[in-house]
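Structural description and commentary
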Amino acid sequence: MTSSSPFANAVEAAAENPAPGILAELRSRGRRSFSALGLPDRRQEKWRFTRLKDLSQTIFEAPAAVAPRIDLDRVNLPGAHVLVFVDGVFDDTLSDVSNLPDGVIVSNLVLAAAAGSEVVDRHLGTLAPLEEQPFAALNSAVFSDGAVIHLPASTRLERPVHVINATGTDGRPTLSAPRLLLVAEEGARATVIETNLGARGQALSCPVAEIVIGENASIEHVVVSEGGSENSLIGVRQVQIAAAGRYDAQTVSLDGQLIRTDIEVALEGVHRLVERLRILHPQEGVELRGGLSGRAGREHRQRDRHAGRRRDEVVARIGFDVEGAVEGEAEVGDRRAGGTGVGVG
């Protein structure tokens with residue numbers, strides 16, 4: 001990575017920030033990988049529909065060291081366990097993780113890693129494809145903290161966990177890197193809601209989620225992204241599911257200059273996959289990529305290429321072959337808001 005890279009300042013600033021050993025090691029891996037990969041372009045097959053020109057011409061800075069106070073009243077969910085990160089910094093004054101069941105961890109990565117969390121040591125950085133996906137590498141190079149959720153075997157959380165990531169709060173072109181590590185052991189059940197809030201200015205958020213679901217465990221995962229018209233979000237989500245595990249996800253994108261999420265699901269055993277993709281967004285650049293890995297599988301992509309044009313809804317069926325037990329379905333539309341649903345079980 002050269003000094004002229006749009007992310008050089010943010011990467012250098014992150015390298016100087018102290019962090020527990022495993023986080024510092026992951027940052028170092030991310031820096032090496034992103035330096036080797038660089039920013040992708042449309043000549044690469046996986047990126048030929050994603051317009052990154054505006055990002056490549058912007059110099060992104062690290063967020064301010066002291067995060068400003070923000071008002072979250074409009075997104076708060078009464079009764080939820082809440083973790084709040086402002087420009088990547090954990091805000092314990094806005095967070096509330098009291099009254100958790102015994103053994104359940106809902107915390108931030110820095111605190112958990114400093115306490116010697118076995119879950120963090122074992123899983124952090126093991127699923128995200130740093131050596132292949134540039135924005136997974138970039139996130140790992142610059143992230144300062146993130147959410148960690150661990151559900152021991154047979155745990156059932158009655159209240160949802162709400163992770164709020166507020167980015168771009170100081171109005172400058174800033175780079176933020178939200179991180180989520182979610183591990184559900186055998187038979188665990190929970191609902192996890194992520195809210196990504198972009199503010200003013202040409203900010204970029206590159207969230208990474210690593211999700212491990214054990215046998216007979218079930219996770220409902222809702223991701224809502226809402227930003228200003230100049231904000232961009234390029235995310236990576238890696239999900240590993242053991243036999244008879246289930247992962248149900250909905251993703252809603254309300255605004256933004258560029259929104260893209262790469263989702264890959266690794267299956268153990270035989271599963272049924274039903275994926276519903278609904279892109280309801282008027283702007284060019286709304287994109288979701290999904291991949292299925294296991295004994296067999298193929299990558300697929302659906303994208304709304306007719307930004308701003310009202311048209312009849314199109315339904316496309318996508319088939320997968322994992323011992324003949326997997327089927328996919330996608331729906332593409334053209335409205336104001338958008339969502340994605342993934343069900344694996």
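Residues numbered from 1 in each chain as written. Predicted model: local features only at pLDDT ≥ 70, side-chain atom pairs only at ≥ 80, totals over all residues. Heavy atoms only, no water.

1. Quick look at the side chain of S232
- Mapped onto the elements of the fold, S232 is located in strand β12 (residues 232–241).
- Ignoring sequence-local partners within four residues, the contact set of S232 consists of L55, A203, L204, S205, Q257 and L258. (Helix = DSSP H or I, 4+ residues; strand = E, 2+ residues; numbered from the N terminus. Contact = heavy atoms within 4.5 Å.)

2. Comments concerning the nonpolar core
- V120, L138 and L175 are the most contacted members of the largest nonpolar core, which totals 40 residues.
- Among the secondary structure elements, those contributing two or more residues to this core are α1 (8–15), α2 (21–37), α4 (109–114), α5 (118–123), α6 (134–142), β7 (179–184), β10 (208–213) and β12.
- Per element, the largest residue contribution to this core is 6 residues, and it comes from α6.
- Not counting residues within four places of it along the chain, the set of residues in contact with L138 comprises F7, V11, F34, L175 and C206. (Core = buried A, V, L, I, M, F, W, Y, C linked by side-chain atoms within 4.5 Å. Buried < 20%, exposed > 50% of the residue type's maximum accessible area, 1.4 Å probe, protein only.)

3. Digging into empty space enclosed by the protein
- Applying the stated rule across the entire model yields 4 cavities of 30 Å³ or more.
- The computed volume of the largest cavity comes to approximately 180 Å³.
- Lining the largest cavity we find 20 residues, and of these E194, N196, P207, V223 and R237 sit closest to its centre.
- Elements with a minimum of two residues in the lining of the largest cavity: β7, β8 (189–198), β10, β11 (218–226), β12, β13 (246–253) and β14 (258–267).
- Top contributing element to the lining of the largest cavity by residue count: β12, with 4 residues.
- Its residues assigned to classes, the lining of the largest cavity shows 9 nonpolar, 8 polar and 3 charged.
- Within this model, the second largest cavity holds a volume of roughly 150 Å³.
- Residue lining of the second largest cavity: 18 residues in total, with G198, G227, N231, S232 and L233 positioned closest to the centre.
- Breaking the lining of the second largest cavity down by element, the ones donating at least two residues are β5 (161–167), β8, β9 (204–205), β11, β12 and β14.
- Counting residues per element, the lining of the second largest cavity draws most heavily on β8, which supplies 3 residues. (1 Å grid on protein atoms, 1.4 Å probe; cavity = no way out; pocket = protein on both sides within 12 Å on 5 of 7 lines; lining within 4 Å. Points joined across faces, edges and corners; volume = space filled by probe spheres on them. Nonpolar A, V, L, I, M, F, W, Y, C, P; charged D, E, K, R; others polar.)

4. Let's talk about α6
- The element α6 is largely enclosed, with a buried count of 9 among its 9 residues.
- If you check which residues of α6 are buried, you get P134, F135, A136, A137, L138, N139, S140, A141 and V142.
- Its side-chain oxygen 2.6 Å from the backbone nitrogen of F135, Q133 forms the N-cap of α6. (Polar contact = N/O pair within 3.5 Å; in protein donor to acceptor, adjacent residues only side chain to side chain.)

5. Description of the pairing of β12
- Of all 10 residues in β12, 9 are buried; the element is thus mostly enclosed.
- Bridge analysis of β9 against β12 gives 2 bridges, and the strand direction is parallel. For S205, the partnering residue across the bridge sits in β12 and is L233.
- Pairing analysis gives 6 bridges linking β10 to β12, with the strands arranged parallel. Looking across to β12, one finds that V212 is bridged to Q240.
- Pairing between β12 and β14: 10 bridges, direction parallel. By the bridge assignment for β14, V236 is matched with D262. (Pairing = 2+ DSSP bridges.)

6. A closer look at the pattern of salt bridges
- Applying the stated criterion across every chain yields a total of 8 salt bridges.
- Its salt-bridge partner being E131, residue R29 comes within 3.6 Å of it at the nearest N-O pair. Here the residue R29 occupies a position in helix α2, and E131 occupies one in the loop between α5 and α6, the gap between them amounting to 102 residues.
- Residue classification places R29 among the partly exposed residues on the basis of a relative accessible area of 26%. (Salt bridge = Lys/Arg side-chain N within 4 Å of Asp/Glu carboxyl O.)

7. Topic: α2
- Taking 1.5 Å of rise per residue, 17 residues should cover 24 Å, and α2 covers 24 Å from first to last C-alpha, within 8% of that figure.
- Among the residues of α2, I22, L23, L26, R27, G30, S33 and F34 are the ones counted as buried. The buried residues of α2 occupy one face: seen down the axis, they fall within an arc of 135 degrees. What points out from α2, more than 90 degrees from its buried face, is the exposed set E25, R32 and A36.
- In this structure, the buried side of α2 is in contact with α1, α4, α5, α6 and β7. (Expected span 1.5 Å × (residues − 1). Arc of directions from axis to C-beta.)

8. Describing the pairing of β7
- When you tally the buried positions in β7, you get 6 out of 6 residues, the bulk of the element.
- The side-chain alternation of β7 yields two buried faces, one formed by R179, L181 and V183 and the other by L180, L182 and A184.
- Two elements, strand β4 (residues 147–151) and β7, share 5 bridges in a ladder whose sense is parallel. Directly across from L151, in β7, lies its bridge partner A184.

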